[in-house]
Amino acid sequence: MFDISTWFFITSGLFLGWSLGANHAVNVFGTAVVSKMVKFRTAAIIGGIFVILGSVLSGSGTTKTISELGPINAIAGSFSVALAVGIAVTAMTRAKLPVSTSQAVIGAIIGWNIFTGSPTDLGSLSKIVSSWVASPLVAGIFGYLIFIFLKNTVLKWKIHLLDLDNYTRIGLIVVGALASYSLGANNIANVMGMFVFVSLFKDFNIAGVFTITGVHQLFFLGGLAIAIGIFTYGRNVMETVGNDLYKISPLTGFVVVLAEFLVLMLFTSVTLEAFLLQNGLPSIPLVPLSTTQAFIGAILGVGLAKDPHSINFKVLGKIAIGWVVAPVSAGLIAFISLFFIQNVFEQKIYYPVPYEISQFVLTQVDQDGIPVQHIRDLTSKRFTNKKIMRNELLKRDNFTNAQIYTIFQYAIIDSFRIDSTAVRLRLAHPVFSGEQITTLIGDHGRIFRHKIEFDSYLRKEKILDETIGNKLLDKQLEERQLYLEQIFRITKINN
Amino acid sequence: MSLFFKKTLQLETQIDEYLDLVIKGGLVFRQGIKCYLDHQTEEFENYLKDLRRIEEQADDLRRNVEIILYTRTLIPEARGDVLGLMESCDKALNITAETLLELSVEIPNIPLTHRQDFLDLSESSIACLENTVSGIRSYFKNIDAVRDYVTKVQFYKKETNKIAEKIKRLAFRADDELSQKIHIRYVTFHIERIAEQSEDICDRLAISSIKRFE
């Protein structure tokens, strides 16, 4: 259960939500407002409503990136990370620079990883760097092409200036609302994801018809914080982008938001990918892109299509520096605040996660081509401190960062216990066959200490098929695996 | 949503009606000049009345459009340009009415030798105004055509200047009173002003149309 301190901790999440709204308002309604097509108030109201809707209806628990980076499992740790990101993003907003909140979150989590000695997946880091280049590039190309296409269409169809004004206004509102929805859906995990594990709200039932879960209530609160951010401080960054970087006209404003929205939908939407695959169409490779960076890229694309000289490259340079500064400063602030929270306020910033290099883990590590001969003496030894385990590993062999990361991933004690009641209640035809269900029931009570052990059992007993390289089927398989892990996991944190 | 478009359609119609009035004003002016030269006083006075009425109607329409554009924040990027164009058109229309009024008040004596030249002069000035109006219509719908109209206006304006110069040279070489000569120059100057004003509108139009996509 929670006490008053839990509420105190969650305020940093709300602060982060507020700063996110303030910094990201420009991405959804910035061009509509600076081109005077939509009043700021109207834009903020529409944006706020759709952000909340997106957060509550489509928000997912935790982003994969965050869970991959490092499991932050104590609320004081979450508080520090959220606070660090909030401060970094607010500072950027004060400097009128649009930044990517996700990247600031990753920066802060790396700060947490360094502080706690947890391994960091370097792949996630490279994702940030590649996003700096990929987002503006892809969105820029889209912006350029859409602008040329729209200009030619307007000229060819001889659309009256006033009609064009109407279409543009409607377009700006519709795309702005959609973008607000996806802003809420994609970012609520950054804002509230860290608090999902801490049950703050109770589920409640309305007239026995539908239930509003605690997570929904949490996300509503987060969405509200983003909406308030848009309303109270969203105008600040809009001015930099709309007036300083490039003078935005209504039509170019529409092209920018449309390009940004399309790029994000095409290259980051899992739903679209599934739809394409289901219909036998070739899927578009998913690329990690940042909304903010796509937005700036789209402006550049349109600017280049019109007149390259009209872009203020000095302002662009400042924005680009902001992209690097945001995650780095978030990481530093996280590190420093964790130090204070742990040593000055004596709060637990993370629950030690036990690791054990069992024989099974060793075999798996060996199969991955990582040399194990020097670490055999660590077999069955349990570590509760990551730093110690890391040092022990490095003492024995010259492991690379990626190898250490893999060993940690395998060695983490994540226990599972097969429970026949859960099987009967929660697994059903046709997703699982009668045979599979019987196997599971037969193995009632069996315990697995490592995730990798459990997964290999599932594959061995044919409860999950082997991956075959078909993207859609593999994805379904992955979801099924996550579902099974969720059902049979023995909860470690009992706070 | 349909209400949204209905209002826009109404505004489009009002702008079109306004431009129709400018065209009509030019035609009435031309007829008025012809009647004056032919000493058809009663018809001339009727044309003057018509022109003043047209001018008033145009003024009302322009104000109306101005209010709608600003209160409903339509075409925020282009409304300054649109209103500027309409106001300059209004000025051209005022010049036509003022010129007829001056003829009515001052009754200058225009000898028969100048008749054809004055007809040509008013024809050419009004051609400037008409092409300007067509240019403005294109600005709204068919921006590519604006350039053609601007070129035409520039051509007619030069023609107008040539005719005006010819009239003045002829007048000042005639064996008339100086007051008569100056009076003819004055009338010529006023008719020529319509072409000058049209050219000013077109300069503005050229810039405004560049701003729409560039």
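*Asks:* Outline the overall build of chain B, listing residues and values.
*Replies:* Assigned secondary structure in chain B consists of 6 helices and 0 strands. Ordered by position from the N terminus, the helices and strands of chain B form the series α-α-α-α-α-α. Relative to a compact globule of 214 residues, whose C-alpha radius of gyration would be 17 Å, chain B shows 19 Å and is just as compact. By principal-axis analysis of the C-alpha atoms, chain B measures approximately 70 × 35 × 20 Å. Within chain B, the proportion of its 214 residues that are buried is 41%. Contacts in chain B between residues at least 24 apart in sequence constitute 80% of all its contacts with a sequence separation of at least 6.

*Asks:* Can you tell me about the overall build of chain A, naming the residues and giving the values?
*Replies:* A tally of helices and strands in chain A yields 20 helices and 6 strands. In chain A, buried positions account for 46% of the 495 residues. Sequence-distant contacts, at least 24 apart, represent 83% of the contacts inside chain A between residues at least 6 apart.

*Asks:* Describe in detail the interface of chain A and chain B, supporting the description with residues and values.
*Replies:* On the side of chain B, 18 residues touch chain A, which itself brings 16 residues to the contact. Those elements that provide at least two residues to the side of chain A that touches chain B are α6 (122–157) and α7 (161–192) of chain A. The element best represented in the side of chain A that touches chain B is α7(A), accounting for 5 residues. Taken together, the residues of the side of chain A that touches chain B sort by class into 5 nonpolar, 4 polar and 7 charged.

*Asks:* Any chance you could break down the confidence of the model for chain A for me, citing the residues and the numbers?
*Replies:* Residues and elements named next belong to chain A. This prediction gives chain A a mean pLDDT of 81; 87% of its residues lie at or above 70. Per-element mean pLDDT across chain A ranges from 48 in helix α3 (residues 64–69) up to 92 in helix α2 (residues 40–58). Overall, residues 61–65 carries pLDDT values under 50, and its contacts beyond four positions in sequence, including any with other chains, amount to 14 contacts.

*Asks:* How would you summarise the environment of A:I128 if you had to cite specific residues and measurements?
*Replies:* All names here are of chain A. Tracing the sequence through the fold places I128 in helix α6. Residue class for I128 comes out buried when judged on the 21 C-beta atoms lying within 10 Å of it. C-alpha of I128 to C-alpha of Q342: the two residues are 214 residues apart in sequence and 29 Å apart in space. Contacts of I128, omitting those with residues within four sequence positions, involve Q103, I106 and P327.

*Asks:* For the packing of α2(A) against α7(A), give the residues involved together with the corresponding values.
*Replies:* The relative placement of two packed helices is expressed as an angle between their axes plus a distance between the axes. Residues and elements named next belong to chain A. Contact pair α2 / α7: the axes reach a minimum separation of 7 Å and the direction vectors enclose 40 degrees. What the angle tells us is that α2 and α7 run oblique. Considering only the axes of α2 and α7, their crossing is right-handed. Contacts between α2 and α7 involve A43, I46, G47, F50, V51, I52, L53, G54, S55 and S58 on the former and, on the latter, I173, G176, A177, S180, Y181, S182, L183, G184, A185 and I188. Classifying every residue of the contact of α2 with α7 gives 12 nonpolar, 8 polar and no charged.

*Asks:* Can you tell me about the confidence of the model for chain B, naming the residues and giving the values?
*Replies:* For chain B, mean pLDDT is 94; residues scoring 70 or higher make up 98% of the total. Across the interface, the model reports ipTM at 0.89; the global pTM reads 0.78.

*Asks:* Tell me about the packing of helix α5 (residues 101–116) of chain A against helix α13 (residues 313–343) of chain A, and name the residues and values.
*Replies:* Residues and elements named next belong to chain A. It is at 7 Å that the axes of α5 and α13 come closest, and there the two elements cross at 40 degrees. Crossing angle aside, the handedness with which α5 passes α13 is right-handed. Of the residues in α13, those touching α5 at Q103, A104, I106, G107, A108, I110, G111, W112, I114 and F115 are A326, P327, V328, A330, G331, L332, A334, F335 and L338. Residues belonging to the contact of α5 with α13 are distributed by class as follows: 15 nonpolar, 4 polar and no charged.

*Asks:* For the environment of A:L338, give the residues involved together with the corresponding values.
*Replies:* Residues and elements named next belong to chain A. When you line up the elements, L338 lands in helix α13. Given 26 C-beta atoms within 10 Å, L338 falls into the buried group. Sequence separation between L338 and S80 is 258 residues, and the spatial gap between their C-alpha atoms is 5.9 Å.

*Asks:* Lay out the nonpolar core in plain terms, naming residues and giving numbers.
*Replies:* Residues and elements named next belong to chain A. Counting 171 residues, the largest nonpolar core has A84, V85, A88, A108, V255 and I299 as its most contacted members. In terms of residue count, helix α1 (residues 4–34) provides more of this core than any other element does, 15 residues in total. Setting aside chain neighbours within four positions, we find A108 in contact with V81, A84, V85, A330, G331 and A334. V353, Y355, V365 and V372 belong to the second-largest nonpolar core, a separate cluster that totals 17 residues.

*Asks:* Pulling in residues and values, what's your account of unusual backbone geometry?
*Replies:* Residues and elements named next belong to chain A. For K96, which is not a glycine, the phi torsion comes out positive at approximately 60 degrees. Structurally, K96 can be placed in the loop between α4 (75–94) and α5. In this structure K96 comes out as partly exposed when scored by C-beta crowding, with 19 C-beta atoms within 10 Å.

*Asks:* Tell me what's going on with α2(A), and back it up with residues and numbers.
*Replies:* An ideal rise of 1.5 Å per residue puts 27 Å on 19 residues; α2(A) measures up with 26 Å between its terminal C-alpha atoms. Restricting attention to buried positions, one finds in α2(A) the residues A:A43, A:A44, A:I46, A:G47, A:G48, A:F50, A:V51, A:I52, A:G54, A:S55 and A:V56.

*Asks:* Describe the pairing of strand β5 (residues 413–417) of chain A, with residues and values.
*Replies:* All names here are of chain A. Of the two faces of β5, the one lined by D414 and F416 is fully buried and the one lined by I413, S415 and R417 carries no buried residue. Here β5 pairs with strand β6 (residues 447–450) via 3 bridges, running antiparallel. Considered in β6, the bridge of F416 is made with F448.

*Asks:* Requested: an account of the environment of A:G111, with residues and values cited.
*Replies:* Residues and elements named next belong to chain A. Relative to the assigned elements, G111 resides in helix α5. Taking C-alpha positions, G111 is 5.5 Å from A334, a pair spaced 223 residues apart along the chain. Apart from the residues lying within four places of it in its own chain, the contact partners of G111 are A84, A330, G331, L332, A334 and F335.

Calculation criteria
Residues numbered from 1 in each chain as written. Chains lettered and ligands numbered in written order. Predicted model: local features only at pLDDT ≥ 70, side-chain atom pairs only at ≥ 80, totals over all residues. Helix = DSSP H or I, 4+ residues; strand = E, 2+ residues; numbered from the N terminus. Rg over C-alpha atoms; globule rule 2.2 N^0.38 Å. Buried ≥ 20, exposed ≤ 12 C-beta atoms within 10 Å, placed from the backbone. Contact = placed C-beta atoms within 7 Å. Nonpolar A, V, L, I, M, F, W, Y, C, P; charged D, E, K, R; others polar. pLDDT = per-residue confidence, 0-100. Axes fitted to C-alpha atoms, helices over the stretch in contact; angles between N-to-C directions. Parallel < 35°, antiparallel > 145°, perpendicular 65-115°, else oblique. Left-handed = near helix turned anticlockwise from the far one by under 90°. Core = buried A, V, L, I, M, F, W, Y, C linked by C-beta atoms within 7 Å. Expected span 1.5 Å × (residues − 1). Pairing = 2+ DSSP bridges.

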